[in-house]
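Tertiary structure, described
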Amino acid sequence: MTTITYSSRARFFRRLWQKNIHILAGSLIQGFAMGVFLFPHAIPAGGCAGLAILLYHSLQLPVSIGLWATNILFLLLAVHHLGRVSAVGTIIVITATAVSVNFFQVYLHSPFSNVWLDLIAGSVFLGAGISVLLRERFTNGGIGFVALALARRRKVNPGSTLFWMNAVIFLLTAVVIDWSIIVLALLCQWISTRIVKMAYSPVMLLKRPLYFGAWRKK
């Protein structure tokens, strides 16, 4: 019995260590995509990224800080509906992503000098980072929490809710900065979504006993 207990504990801590590494890796990958390829062209990788770009454009607030602040704000709006345990994991993801965005913006630059190549590279890396987080059953931002909360309250599809929330923010960003941004943003969403669909396997998730934080029922 003691052997089984020690073995179970060892597996638990090993899995917990691997989970934390994967969460950190996913956050760093999407931070790399935003900081190096997308944000230099004001391409929003999502709703909160679009708001962060608007804050930078209007207030000169660093994008990394704006990204962190807007994600946390949306998270706080929905935490009552989706649970504190879920929120803690998402805060870790948000913070790691924001820090990595700031680091990569300062120390790394895209090897390309073409917005379309940067768009493709950034979208691919973004999709890869999101896929890693999804495999560990974590959402990659606070706006997803709000979409889930609204979907639960209104009994609608959360994917549709998230799409329209992002679409409104993309449109606002395009109006304020440049109309081409909405085309770039939608292409970024389309490419990154394709990457997620290729990398994300529901069968693999079903084999894991860990909860999906963002979708936990109360």
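Below you will find a few notes about this structure. (Residues numbered from 1 in each chain as written. Predicted model: local features only at pLDDT ≥ 70, side-chain atom pairs only at ≥ 80, totals over all residues. Heavy atoms only, no water.)

A few words now on the overall build of the protein. Assigned secondary structure in the protein consists of nine helices and zero strands. When the helices and strands of the protein are listed from N to C terminus, the series reads α-α-α-α-α-α-α-α-α. Expressed as a percentage of its 218 residues, the buried residues of the protein come to 45%. Total accessible area on the protein is roughly 12000 Å²; 71% of this is exposed by carbon and sulfur atoms. (Helix = DSSP H or I, 4+ residues; strand = E, 2+ residues; numbered from the N terminus. Buried < 20%, exposed > 50% of the residue type's maximum accessible area, 1.4 Å probe, protein only. Areas by Shrake-Rupley, 256 points an atom, 1.4 Å probe, with all protein chains shown as cover.)

Attention shifts here to the environment of Phe-74. If you trace the backbone, Phe-74 turns up in helix H3 (residues 63-82). Once the C-alpha coordinates of Phe-74 and Cys-48 are considered, the two residues, 26 residues apart in sequence, prove to be 8.6 Å apart. When residues no more than four places from it in sequence are discounted, the contact partners of Phe-74 are Cys-48, Leu-51, Gly-142, Ile-143, Val-146 and Met-165. (Contact = heavy atoms within 4.5 Å.)

Further remarks concern unusual backbone geometry. A positive phi is found at Ala-42, a non-glycine position, where the angle reads about 60 degrees. Along the chain, the position of Ala-42 falls in the loop between helix H1 (2-38) and helix H2 (47-59). Residue Ala-42 is classed as buried on the basis of its relative accessible area of 17%. Even without a glycine there, the phi angle at Gln-60 is positive, about 60 degrees.

A word on the packing of aromatic side chains. In total, this model carries seven aromatic pairs according to the counting rule given. An angle of 80 degrees between the planes, with centres 5.3 Å apart, marks the rings of Phe-32 and Phe-104 as edge-to-face. Of the two residues, Phe-32 sits in helix H1 while Phe-104 sits in helix H4 (residues 84-107), which places them 72 residues apart along the sequence. Classification of Phe-104 by relative accessible area gives buried; the value is 13%. Their ring planes at 35 degrees and their centres at 6.3 Å tell us that Phe-37 and Phe-112 sit as a pair that is tilted. Here Phe-112 lies in the loop between H4 and helix H5 (115-135) and Phe-37 lies in helix H1, a separation of 75 residues in the sequence. (Phe/Tyr/Trp six-rings, centres within 6.5 Å; stacked < 30°, edge-to-face > 60°.)

Next up on the list: helix H8 (residues 180-199). For H8, with 20 residues, the first-to-last C-alpha span of 29 Å sits near the 28 Å given by 1.5 Å per residue. Here H8 has its buried residues at Ile-181, Ile-182, Leu-184, Ala-185, Cys-188, Ile-191, Ser-192, Ile-195 and Val-196. (Expected span 1.5 Å × (residues − 1).)

Before going further, it helps to spend a moment on a nonpolar patch on the surface. Nonpolar side chains collect at one region of the surface, where Leu-171, Leu-172, Val-175, Val-176 and Trp-179 lie side by side and expose about 470 Å² of accessible area between them. With respect to the helices and strands, Leu-172 occurs in helix H7 (residues 158-176). (Patch = residues over 30% accessible without salt bridge, like charges linked within 9 Å, V, L, I, M, F, W, Y side chains within 5 Å. Salt bridge = Lys/Arg side-chain N within 4 Å of Asp/Glu carboxyl O.)

Okay, H5 next. Taking 1.5 Å as the rise per residue, H5 with 21 residues should run 30 Å; its terminal C-alpha atoms sit 30 Å apart, in good agreement. For H5, the N-terminal capping position is held by Asn-114, with its side-chain oxygen 2.7 Å away from the main-chain nitrogen of Trp-116. Downstream of H5 by one or two residues, Arg-137 has phi in the positive range, about 65 degrees. (Polar contact = N/O pair within 3.5 Å; in protein donor to acceptor, adjacent residues only side chain to side chain.)

On to the nonpolar core. Of all hydrophobic cores here, the largest spans 35 residues; its most connected members are Met-34, Phe-39, Leu-67 and Leu-126. Elements with a minimum of two residues in this core: H1, H2, H3, H4, H5, helix H6 (142-154), H7 and H8. Among the elements that take part in this core, H3 stands out by supplying six residues, more than any other. Ignoring any residue separated from it by four or fewer positions in sequence, one finds Leu-126 in contact with Gln-30, Ala-33, Met-34, Leu-38, Ala-45, Cys-188 and Ser-192. By size, the runner-up hydrophobic cluster in this structure holds five residues, among which are Phe-32, Phe-37, Phe-104 and Ala-121. (Core = buried A, V, L, I, M, F, W, Y, C linked by side-chain atoms within 4.5 Å.)

Before going further, it helps to spend a moment on the packing of H5 against H8. It is at 8 Å that the axes of H5 and H8 come closest, and there the two elements cross at 40 degrees. Put simply, H5 runs oblique to H8. In this structure, the crossing between H5 and H8 has a hand that is right-handed. Residue composition of the contact of H5 with H8, grouped by class: 16 nonpolar, four polar and one charged. (Axes fitted to C-alpha atoms, helices over the stretch in contact; angles between N-to-C directions. Parallel < 35°, antiparallel > 145°, perpendicular 65-115°, else oblique. Left-handed = near helix turned anticlockwise from the far one by under 90°. Nonpolar A, V, L, I, M, F, W, Y, C, P; charged D, E, K, R; others polar.)

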